[in-house]
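# Residue-level structure breakdown
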Amino acid sequence: MFGKPVLGRTTAAAEGDVVVLLIGMRVNHFWAVHQWVPVFLAMLRMLTELARDPGRGLLGRVLLTASPRTYYVVQYWESKEKLYAYAASPDMFHHRAWSIINRKERAGKVRGHVGLWHETYVVPEGSYEAIYIDMPPFGLAAATGVLPVESRGRRARERFAFRRGA
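Position labels on residues start from 1 in each chain and follow its written sequence. The predicted nature of this model means local features are confined to residues of pLDDT at least 70 and side-chain atom pairs, given and counted, to a pLDDT of 80 or more, with totals for whole chains, interfaces and linings taken over all residues. Hydrogens and waters are ignored; side-chain quantities use all the structure's heavy atoms.

### Considering the sheet that holds strand β3 (residues 58-65)
At least two DSSP bridges between two strands are needed for those strands to be called paired. Helix and strand assignments come from DSSP, with helices taken as H or I runs of at least 4 residues and strands as E runs of at least 2, each series counted from the N terminus. Pairing in this open sheet of four strands is antiparallel, and the strands run β3-β4-β2-β5 from one edge to the other. A strand with exactly one partner marks an edge of an open sheet, and here the two such strands are β3 and β5 (114-123). Averaged over all pairs of adjacent strands, the angle between their axes in this sheet comes to 15 degrees, without regard to strand direction. Pairing between β3 and strand β4 (residues 70-77): seven bridges, direction antiparallel. Note that in β4 the partner of Leu63 across the bridge is Val73. All axes are obtained by fitting lines to C-alpha atoms, using only the stretch in contact for helices, and the reported angles, taken between N-to-C directions, cover 0 to 180 degrees.

### Notes on helix α1 (residues 33-52)
Helices are assigned an expected span. That span is 1.5 Å times one less than the residue count. With 20 residues, α1 ought to run about 28 Å at 1.5 Å a step, and its terminal C-alpha atoms sit 28 Å apart, in line with that. Within the sequence span of α1, burial applies to Trp36, Val39, Ala42, Met43, Met46, Leu47, Glu49 and Leu50. Looking straight down α1, one finds its buried side chains confined to an arc of 160 degrees; they lie on one side. Within α1, the exposed residues directed more than 90 degrees away from the buried face are His34, Ala51 and Arg52. Residue contacts are counted whenever heavy atoms from the two residues lie within 4.5 Å of one another. Where α1 is buried, its residues touch β2 (18-27), β3, β4, α2 (80-88), α3 (93-106) and β5. To sort residues, take the accessible area from a 1.4 Å probe on protein chains only and compare it with the maximum for the residue type: under 20% means buried, over 50% means exposed, and anything in between is partly exposed. Directions are taken from the helix axis to each C-beta atom, and the arc is the one they span.

### What to know about the sheet that holds strand β7 (residues 146-148)
As summarised here, the arrangement of the three strands in space is β6-β1-β7, forming an open sheet in which the pairing is antiparallel. Only two strands of the sheet have a single neighbouring strand rather than two, namely β6 (132-133) and β7. Note that strand β1 (residues 9-12) and β7 share three bridges and pair antiparallel. Its bridge partner lying in β7, Thr11 is registered against Leu147.

### Details of the pairing of β1
Direction of pairing for β1 relative to β6: antiparallel, over a ladder of two bridges. Note on β6: the bridge partner recorded for Thr10 is Tyr132.

### Thoughts on unusual backbone geometry
If you check the backbone angles, Asp134 has positive phi at about 55 degrees while not being a glycine. Topologically, Asp134 is positioned in the loop between β6 and α4 (140-144). You can call Asp134 partly exposed: its relative accessible area is 39%.

Next up, the structure:
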């Protein structure tokens with residue numbers, strides 16, 4: 001039922017820049033279920049849509065909760081261009097969801113029942129490192145693959161200094 005942990009020390013096989021998107025929602029009023037449940041389901045629908053089409057650029061994601069009110073997804077993308085293309089594509093659900101939000105906002109129908117947020121980071125090669133000890137692939141490693149830690153260096157300083165082809 002439960003997968004066996006990978007024994008030993010590993011690191012993520014990421015190469016080049018890493019694009020990380022943190023995106024989430026905060027339930028401001030628990031009683032307004034009809035307002036926040038559709039937002040939560042929309043988040044899941046977008047992830048399902050992206051999982052069906054790997055060419056869109058989502059490499060991996062982790063669903064997390066920060067509190068009973070706040071839910072978010074850490075996403076790893078191939079590039080910021082693919083992230084932008086998905087966000088702006090009229091045939092993808094994200095575009096439709098934001099159209100609904102913008103229309104409600106213009107009509108004065110946003111009542112503050114649910115908060116939305118996102119942060120996007122482009123992390124240049126040589127500015128990230130990862131280590132996993134006795135863990136199955138997780139986070140960046142689940143998105144990009146796993147390598148023995150020695151391939152990038154036993155110490156964080158060495159992993160930060162890794163450059164592809166160097």
